[in-house]
Amino acid sequence: MEDGEWVLVRGPPQKDWWNPSLTNVEDEPPRPLKVTFSGPATHWTDAIPIGNGRLGSMVWGGVPSEVLQLNEDTLWTGTPGNYTNKNAPEALAEVRKLVHDRKYPEATAAAVKLSGDPSDVYQLLGDIKLEFDDSHLKYSKESYHRELDLDNATAKIKYSVGDVEFTREHFASNPDQVIVTRLSASKSGSLSFTVSLDSKLHHNSQVSGQNQIIMEGSCPGSRIRPKVNSNDIPKGIQFSAVLDIQISNDKGVIHVLDDKKLRVEGSNWAILLLTAASSFDGAFTKPEDSKKDPTSESLSKMKSVKSFSYADLYARHLDDYQNLFHRVSLQLSKSSKAVLGNSVLDERKSVSSQTNISQMGGDDTVPTSARVKSFQTDEDPSFVELLFQYGRYLLISCSRPGTQVANLQGIWNKDVEPAWDGAPHLNINLQMNYWPSLSCNLHECQEPLFDYISSLSVNGSKTAKVNYEANGWVAHQVSDIWAKHPQIEVRLFGLCGQWVELGFVPIYGSIILTQWTKYTMRFQTDSNPTNSLFSYGGPGGLLETNPSTSPEHMFTAPDQKPASVSYSTTMDISIIKEVFSTIISAAEVLGKQDDAIIKRVTESQSKLPPTKIARDGSIMEWAEDFQDPDIHHRHVSHLFGLFPGHTISLEKTPDLCKAVDNSLIKRGDDGPGWSTTWKASLWAHLHNSEHAYRMIKHLIILVDPDHESDYEGGLYSNLFTAHPPFQIDANFGFSAAITEMLVQSTTKDLYLLPALPRDKWASGCVKGLKARGGVTVNICWKEGGLHEVGLWSENQNSRLRLHYRGSMVLANLSPGKVYSYDNRLKCVKTYSLSQVNP
């Protein structure tokens, strides 16, 4: 490592491949996309998350002592197992018989026999602990500043002790698979500290040489920790972390303390590098059979990393991260007279004078928590921009090609027993994690979901064959790194496999389509329909699912007893309709529409039950109009057909859309964060901009972590979303909801500004969003109305119907060309992409 300034690598950002004709758009000062703090973290949800997809860290920013809490995405309890149950067919037959006899409470009780063991538990890696000398106890609190800069994925802390300014920078590099920290002081020889590695898991750490610490440890081989030592507990996943320290050449020295700590004294700067690995070798390999050596892997990676200077590491990090992050930009303004010009700043000053928070979008000294608090009164559009881009930042940071799927907390976790095990939940949460991956132009970040579905399908096919005596594969509500899919609670959900596949129903390009089709076309002929997913037991010879539940929700049976198990719930049938529709669409694109499997899907599609409207005018949640004992339930699963599905739409099913409207009003606005953002997208698909915005505003409430049980939904000071406690799904759901308010698409239609809250975001511009068919969408608007649209398709011909406020025009897009349309949807300009992206 060497002294020197950072080097920024800048390529042509994708968001700038289209430039609107507005004369003042380039004159606007850049709005800093920063999450800022005026002091060190006092709670975990005050800390700054950084990550490279596999490795994560939470940066607390303490002054006399600092903790960088570490995660590695393959650290889980447990081992692979056999998740089949040979007694399940008998239990299943009993449940189905009880459902057929309309004995729903009894069927609910009997379904307990179908339950299995719970999933395993996501673990943590450990901590980098930094201890500074006593002079840091007297740091100037006024000088303290901590921030996460979304533009460069870097956390930074500054503070002063006397006349010395101390600076820390942290980033997690994906290309080099390392967490990097640089500590520096403004006065020569002023940097001194002690560093060590620690973990809550079983571990051992020791110094290696003069500047490295190696920590080796293991995860429990079972989620249930034994009270006494037992030889029956299987070997769990092993892990290793290597911490390397480099200091300035002309100043400073490193001492070894107790063979476990390193002490830096009198340096100008220091650079910490952290690599880590585990013995995890896939969902089907037992840790005891793994041939991977995590220590050797970590040391090898460290050797590779040290061949780069700090400037090179940072440049490589920026090049990788900004290639993803800079694909999309969003600018919003309340102003009805100007578009993205200097008057935007004047508007903000006016707004800020009412809240005593100056220049909200431009002054990064204002703590982000203050911006959250003030949002209910100032409704600052630039904060919406920040939270939208924060969701994209988190997805880039926790899900990359080759990593594990983003779990309930992404990759960040401080506990050996996290809430809900930190496990992927397949009845909404995992799906929502990936809602913005395609629409927000981050398709690479979705690759772990494909890999995960592949593993689920392997285990799920065994379970389908043994437990259900059926073809295909199945997944239940909760899973883990071992692709386990136990049915752990009878009121939970049984079509999770089908829904998780629909995480990439949107067909954004031929590669995505081909991958989706490979996993999905498993609808096989079965001579005995009672052994299939369906049976011909419904009214009029319709297909039905039995047993069936609506996720986590109960109903009151005709005998006035509570129950959750019945048949053909609306969500079941909605998902099946969506799967069938997508298979048929995929077959058309791939020229497979005459295959026997497609013909059977088409035939079965016509025999699915219709979506029904209840007596009160809402969407019927169950196959019968049962009494709902909890009309404000957090789940809105029965509205799946509108979003993320597409079988309900304003154009084709207006009566059902009216029933969805009634259902949302009946449910109410309150609920956990993920429920709030789902409702925002649902209202957007009803083109109800007022209520969609109301849900956006409803989420932006500051949660007090000391009293989080008093809240439903909301944001912590680091902008993590709350259930509570923290669940990352609503962060992603928020970004997706903003996108759905601005752009909606089918494979043939593109809806522009369908739910724009014109009185809140009167002027603005969004660039780089993705529509189905691989079309990139750019829109600018002013005074609440469309001003200009830019479209392109990089590698395929596209024929779309463009919709705006009742007007529709046909657009034919050739690959590699940019098309600009005016506010009347008239094409006014075309040029080649090669002109802007040589």
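Whatever comes next refers back to the structure up there.
Some words on unusual backbone geometry
Residue Pro724 is bonded to the preceding His723 through a cis peptide linkage, with omega at -5°. By the secondary structure assignment, Pro724 is in the loop between helix 17 (689–699) and helix 18 (729–742). Here the residue pair Pro724 and Pro725 is connected by a cis peptide bond, since its omega of 5° sits within 30 degrees of zero. Tracing the sequence through the fold places Pro725 in the loop between helix 17 and helix 18. The backbone of Asn441 shows a phi angle near 65°, a positive value even though the residue is not glycine. Here Asn441 lies in the loop between helix 9 (435–439) and helix 10 (447–467). Relative accessible area serves as the criterion here: at 3%, Asn441 is assigned to the buried category.

Notes on the sheet that holds strand 8 (residues 164–173)
Within the open sheet, the nine strands sit side by side as 1-6-7-8-9-16-13-12-11. Their pairing is antiparallel. Of all strands in the sheet, those bounded by a partner on one side alone are strand 1 (34–37) and strand 11 (202–208). For this sheet the average axis-to-axis angle between neighbouring strands, irrespective of direction, equals 15°. Judged from the eight bridges that link them, strand 8 and strand 9 (residues 178–185) form a sheet pairing that is antiparallel.

Brief notes about the nonpolar core
Within the largest apolar cluster, 169 residues are counted, with the highest numbers of intra-cluster contacts made by Phe193, Tyr390, Tyr393 and Ile738. Of all the elements, helix 7 (residues 381–398) adds the most residues to this core, at 11 residues. Residue contacts for Tyr390: discarding those within four places in its chain leaves Val35, Pro49, Leu148, Leu150, Asn718, Leu719, Phe720 and Asn731. Grouped together as the second largest cluster of nonpolar side chains are 19 residues, Ala91, Val95, Val99 and Phe626 included.

Some words on the packing of helix 4 (residues 310–325) against helix 7
Between helix 4 and helix 7, the shortest axis-to-axis distance is 10 Å and the interhelical angle comes to 130°. One way to sum up the angle between helix 4 and helix 7 is to call them oblique. For helix 4 against helix 7, the interelement crossing comes out right-handed. Taken together, the residues of helix 7 that come into contact with helix 4 (itself represented by Tyr321, Leu324 and Phe325) are Gln389, Arg392, Tyr393 and Ile396. Considering only residue class, the contact of helix 4 with helix 7 consists of five nonpolar, one polar and one charged.

Brief notes about the sheet that holds strand 30 (residues 827–832)
Spatially, 17-24-25-26-29-30 is the arrangement adopted by the six strands of the open sheet, whose pairing is antiparallel. Each edge of the sheet is formed by a strand with only one pairing partner; in this case those strands are strand 17 (329–333) and strand 30. On average, each strand axis in the sheet is tilted by 15° relative to the strand beside it, whichever way the strands run. In the sheet, strand 25 (residues 775–782) pairs with strand 26 (residues 785–793) via eight bridges, with the strands oriented antiparallel.

A few points about the environment of Gly641
Looking at the element boundaries, Gly641 is found in the loop between helix 14 (596–605) and helix 15 (654–667). For Gly641, a relative accessible area of 0% translates into the label buried. With 70 residues separating them in the primary sequence, Gly641 and Met571 have C-alpha atoms 7.8 Å apart. In contact with Gly641, other than residues within four places in its own chain, are Ser574, His646, Thr647 and Ile648.

Concerning the pairing of strand 27 (residues 798–804)
With five of seven residues buried, strand 27 is to be regarded as a mostly interior element. The sheet contact formed by strand 27 and strand 28 (residues 807–813) spans seven bridges and is antiparallel. Counted as the bridge partner of Leu800 is Ala811 from strand 28. Joining the antiparallel neighbours strand 27 and strand 28 is a turn of two residues, in which Arg805 adopts a positive phi near 50°.

Quick notes on the state of the cysteines
A covalent bond between the sulfur atoms of two cysteines is what we call a disulfide. Within this structure, the stated rule accounts for one disulfide. For Cys765, the disulfide goes to Cys780, at an S-S distance of 2.2 Å. On the S-S bond that ties Cys765 to Cys780, the torsion sits near -55°, and the link is left-handed. Taken as a pair, Cys765 in strand 24 (residues 763–771) and Cys780 in strand 25 lie far apart in primary sequence, 15 residues in all.

Let's talk about helix 16 (residues 673–685)
Residues spaced three or four apart along an α-helix point in a common direction, a consequence of the helix completing one turn every 3.6 residues. Here helix 16 spans 19 Å end to end across 13 residues, near enough to the 18 Å set by a 1.5 Å rise per residue. With 13 of its 13 residues buried, helix 16 lies for the most part within the structure. Following helix 16 by one or two positions, His687 has its phi on the positive side, about 60°.

Some details on the packing of helix 16 against helix 18
Put simply, helix 16 and helix 18 touch, their axes get as near as 8 Å, and they point 10° apart. With respect to each other, helix 16 and helix 18 are oriented roughly parallel. Residues Gly673, Trp674, Thr677, Ala680, Ser681, Ala684 and His685 of helix 16 lie in contact with helix 18, whose contacting residues are Asp729, Ala730, Gly733, Phe734, Ala736, Ala737, Glu740 and Met741.

Some words on the pattern of salt bridges
Applying the stated rule across the entire model yields 32 salt bridges. The closest approach of N and O atoms between Asp176 and Arg316, which form a salt bridge, is 2.8 Å. Placement of the pair is Asp176 in the loop between strand 8 and strand 9 and Arg316 in helix 4, with a sequence separation of 140 residues. Judged by its relative accessible area of 4%, Asp176 is buried. Residue classification places Arg316 among the partly exposed residues on the basis of a relative accessible area of 32%. Across the pair Arg667 and Glu621 runs a salt bridge, and its minimum N-O distance is 3.1 Å. Of this pair, Arg667 sits in helix 15 while Glu621 is found in the loop between helix 14 and helix 15, placing the two residues 46 residues apart along the sequence. A relative accessible area of 3% places Arg667 in the buried class. A relative accessible area of 5% places Glu621 in the buried class.

Some thoughts on the packing of aromatic side chains
Between two aromatic rings, the relevant description is the distance of the centres plus the angle of the planes. For the structure shown, the criterion picks out 26 aromatic pairs. Site record: aromatic cluster; members linked through ring pairs are Trp44, Trp412, Phe720 and Phe726. Above the ring of Phe37, the side-chain terminus of Arg146 is found at 3.9 Å from the ring centroid. The side chain of Arg182 reaches across the aromatic face of Trp269, ending 5.8 Å from its centre.

Focus on the environment of Ala623
Turning to its location among the elements, Ala623 is positioned in the loop between helix 14 and helix 15. Using a relative accessible area of 11% as the deciding quantity, one classes Ala623 as buried. Measuring from C-alpha to C-alpha, the distance between Ala623 and Tyr567 comes to 6.5 Å, with 56 residues separating the pair along the chain. Residues contacting Ala623, with those up to four places away along its chain left out, are Tyr567, Ser568, Thr569 and Lys612.

Focus: helix 1 (residues 88–100)
Taking 1.5 Å of rise per residue, 13 residues should cover 18 Å, and helix 1 covers 18 Å from first to last C-alpha, within 8% of that figure. Of the residues making up helix 1, those classed as buried are Ala88, Pro89, Ala91, Leu92, Val95, Leu98 and Val99. Tucked inside the fold, the buried residues of helix 1 contact helix 2 (104–110) and helix 10. Backbone geometry just downstream of helix 1 places Arg102 in the positive-phi region, at approximately 65°.

Thoughts on the pairing of strand 12 (residues 212–218)
Side chains on a regular strand alternate between the two faces of the sheet. Counting buried residues in strand 12 gives six out of seven residues, a clear majority hidden from the surface. Pairing analysis gives seven bridges linking strand 11 to strand 12, with the strands arranged antiparallel. Looking across to strand 12, one finds that Val207 is bridged to Ile213. Here strand 11 folds back onto strand 12 in antiparallel fashion, the turn holding three residues, of which Gly209 has a positive phi close to 70°. Inspection of the sheet shows strand 12 paired to strand 13 (residues 238–247) by seven bridges, in the antiparallel sense. Across the sheet, the residue bridging to Gly217 is Phe239, located in strand 13.

The rules we used
- Residues numbered from 1 in each chain as written.
- Predicted model: local features only at pLDDT ≥ 70, side-chain atom pairs only at ≥ 80, totals over all residues.
- Heavy atoms only, no water.
- Helix = DSSP H or I, 4+ residues; strand = E, 2+ residues; numbered from the N terminus.
- Buried < 20%, exposed > 50% of the residue type's maximum accessible area, 1.4 Å probe, protein only.
- Pairing = 2+ DSSP bridges.
- Axes fitted to C-alpha atoms, helices over the stretch in contact; angles between N-to-C directions.
- Core = buried A, V, L, I, M, F, W, Y, C linked by side-chain atoms within 4.5 Å.
- Contact = heavy atoms within 4.5 Å.
- Parallel < 35°, antiparallel > 145°, perpendicular 65-115°, else oblique.
- Left-handed = near helix turned anticlockwise from the far one by under 90°.
- Nonpolar A, V, L, I, M, F, W, Y, C, P; charged D, E, K, R; others polar.
- Disulfide = S-S within 2.5 Å.
- Expected span 1.5 Å × (residues − 1).
- Salt bridge = Lys/Arg side-chain N within 4 Å of Asp/Glu carboxyl O.
- Phe/Tyr/Trp six-rings, centres within 6.5 Å; stacked < 30°, edge-to-face > 60°.
- Lys NZ or Arg CZ within 6 Å of the ring centre and 35° of its normal.

In short, the description is geometric, and any link to function would need to be established separately.
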